[in-house]
Structures are given as structure tokens and as C-alpha cells.
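Chain by chain, the residues run as shown.
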Amino acid sequence: MKPCKTMKIGCHLSASGGYLAMGQTAVSIGANVFQFFTRNPRGGAAKPLDKGDIAAFLDFAAANGIGPILAHAPYTLNAAGAETRVREFAEEVMADDLDRLEHTPGAMYNFHPGSHVGQGAEEGINLISGMLVRILLRWLDAHGGKLPSTTILLETMSGKGSEVGRDFAEIRAIIDATESKLPVRGNTLGVCLDTCHIWDGGYDIVNDLDGVLAEFDRIVGINRLKAIHLNDSMNVLGAHKDRHEKIGKGKIGLDALIRVVNHPKLKDLPFYLETPCDLQGYRDEIALIKKLRSGS
Ligand code: FE
Ligand code: FE
Ligand code: ZN
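Cut-off values and rules
- Residues numbered from 1 in each chain as written.
- Chains lettered and ligands numbered in written order.
- Predicted model: local features only at pLDDT ≥ 70, side-chain atom pairs only at ≥ 80, totals over all residues.
- Heavy atoms only, no water.
- Donors = N, O, S within 2.8 Å, 3.2 Å for Na, K, Ca; no water.
- Buried < 20%, exposed > 50% of the residue type's maximum accessible area, 1.4 Å probe, protein only.
- Phe/Tyr/Trp six-rings, centres within 6.5 Å; stacked < 30°, edge-to-face > 60°.
- Helix = DSSP H or I, 4+ residues; strand = E, 2+ residues; numbered from the N terminus.

Caption draft 1: Looking closely at the coordination of the zinc ion (ligand 3). Distances from the zinc ion (ligand 3) to its protein donors, His-197 (NE2), Asp-242 (OD) and His-244 (NE2), fall within 2.0 to 2.3 Å. For the zinc ion (ligand 3), the single-chain donor residues occur in sequence as H-x44-D-x1-H. If you look at the zinc ion (ligand 3) and the iron ion (ligand 1), they sit 5.2 Å from each other. There is no split in this pair, since Asp-242 and His-244 are both buried.

Caption draft 2: A look at the packing of aromatic side chains. All chains considered together, the criterion is met by seven aromatic pairs. Taken together, a centroid distance of 5.6 Å and an interplanar angle of 35° make the contact between Tyr-19 and Phe-57 tilted. Of this pair, Tyr-19 sits in helix H1 (residues 19-28) while Phe-57 sits in helix H2 (residues 51-64), placing them 38 residues apart in sequence. Tyr-19 gets classed as buried once you look at its relative accessible area, which sits at 11%. Ring centres 5.1 Å apart and planes at 80° place the aromatic pair Phe-168 and Phe-216 in the edge-to-face group. Of this pair, Phe-168 sits in helix H5 (residues 168-179) while Phe-216 is found in helix H7 (residues 209-219), placing the two residues 48 residues apart along the sequence. Across this residue pair, the class does not change: Phe-168 and Phe-216 are buried. A connected cluster of aromatic rings, assembled from ring pairs, spans Tyr-19, Phe-34, Phe-36 and Phe-57.

Caption draft 3: Quick peek at the coordination of the iron ion (ligand 1). For the iron ion (ligand 1), the full set of protein donor atoms is His-72 (NE2), His-112 (NE2) and Glu-155 (OE), and the range of their distances to it is 2.1 to 2.3 Å. Positions of the donor residues of the iron ion (ligand 1), expressed as sequence spacing, correspond to H-x39-H-x42-E. Between the two metal centres, the iron ion (ligand 1) and the iron ion (ligand 2), the spacing is 3.3 Å, with Glu-155 acting as a shared donor. Taken as a pair, His-72 in strand S3 (residues 70-72) and His-112 in the loop between strand S4 (108-111) and strand S5 (114-115) lie far apart in primary sequence, 40 residues in all.

Here it is in C-alpha cells:
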């Protein structure tokens, strides 16, 4: 038997108790990764960083094999907004989040590309890539030409309302429009694939996971894929709704989600649950997934 790597699995956790508390909570529910909001998901200001808490967390994470951690931008961050103040807020928040994340090196930062609110997807892509370019150029300037240690992930969206990133082509377009204007190459931009979102977006991961992944590889490049949001969906294929369901209780179903965690192209990625669960619910889902993980 080949030795198999422990799977990376965890869930979204409350950041209210700080980093060490999140690490301890993760371990208590059988997780070795976790996601958290960088600030109130519907608000603005972030809490001041507690350096002591971060140092304690980094020790704890190293001792317990925790990571990579996934920071999620607030929902109010919309780089594709029609109003200047909405776009400026997005840019300020992301720049500040990236600064803060340097205290936990090697983290990932996930954001919803944005909603074009009637301006059209093409304009949305221009606005989103424009923000990323400005943030990264300023970053390079301030850091002697070095990119952030954080990987920035574009989340695949369900296409609810005027969401940008509703298909793989829009994700690729944002990446291309950004990287073509940067003077350096790196692995700064990646993708977080949300199983609920792409299912709601019309990608049939129940009947044709291989085909969906081949399409992702052809359009975006599978090497860009850095994280999976593992969720079931309340809605049918192509519903463009974005309502997460507990694992095995929705329209995607347990068998299809287990094929996702066991797929050779995905199995070494970190999986983050964002199902409507309390901690005990997450503990149960993590245990179930580990049990059905092949070769672990
Ligand atoms: Fe998200
Ligand atoms: Fe998600
Ligand atoms: Zn969602």
C-alpha cells in the first residue's frame, strides 16, 4: 500500500475568539484546516490584530499540522460595483486584509469576484481586474518587487443576480486581465471551487465530474485550483440560487460529494465546509467524509 497523505478538511469558523481559539476549535472537531471572515461579513472595520494571539496560533498550528487557513473577504466587498465609493471600499478592504494576512504567512484569501449590477460582465471583469492590478502594483512597490505570501483566490459563483465569475471563462478572463498588467509572474492568483455554486451555475458534478474538471483544466488550468468549498445545494442544477445545504441532504448528494473528495485531481486540495451546521454538525460531517475517503 502506498502511504497516503492525511486529507485536509475543515469548515468555516467564527473569528470572534481570535486565531488560537479557531485553531483549538478546529482540532476539537477533527479539522486540520479552517476558513474565517477577515471582518464582519456585512460590515467594514476589522478588529485590531492581536500579535500575541497570532504567535500562539502559529505555534499551535505547527504543532497540530493545521493549515492552510483560508481567509474569506466580507460579502460587501464588490470590486465591480457601479458606485465609486463601493469600489473604493472594496479596494481598501482587500489591501488591508492582505497586509494583515502577512502575519500568518502562506494563508489563502478568498473573495467573491463581484456583482456588475447591470453594467455587464465585461465591465465587471475590467473593474475587478483593475482593482487587483492596482493593489498588486502598490504591493510590489512597497515590498521591493516581492508578491504577497498570501494566495488570492477567486471563488466560482452560482450566477445569482449579476454575479461575475458565474462560469470558468469569466474567472479565466479576470486572471488574464490582471496578470497581463503585472511586471512579475507568481502564484498569487488562484481559484476556490465551490461545489454548491458551480452546481447551481450549471456544471453537472453529479453525472459528469470528470467532464467538469476537464473543462476547468482547459479553460482555467487545474494548477490554479487551490481550495474546495465543499457544500451540498438546496437547488437543482443550473438554478443560479446559491443556497448551501448540509452534506448529503441536498440535490448534489453524498455520493457525488464523496467522489469530489476522492477525485485524483482534487484529493490533495484543502476542503472547507460551508454547510448550515453548528459545531456538532460540522464534527459529524468531517467524521463522515473522513470515513468515506478512500485510502485514508
Ligand atoms: Fe464565499
Ligand atoms: Fe463558498
Ligand atoms: Zn455560497
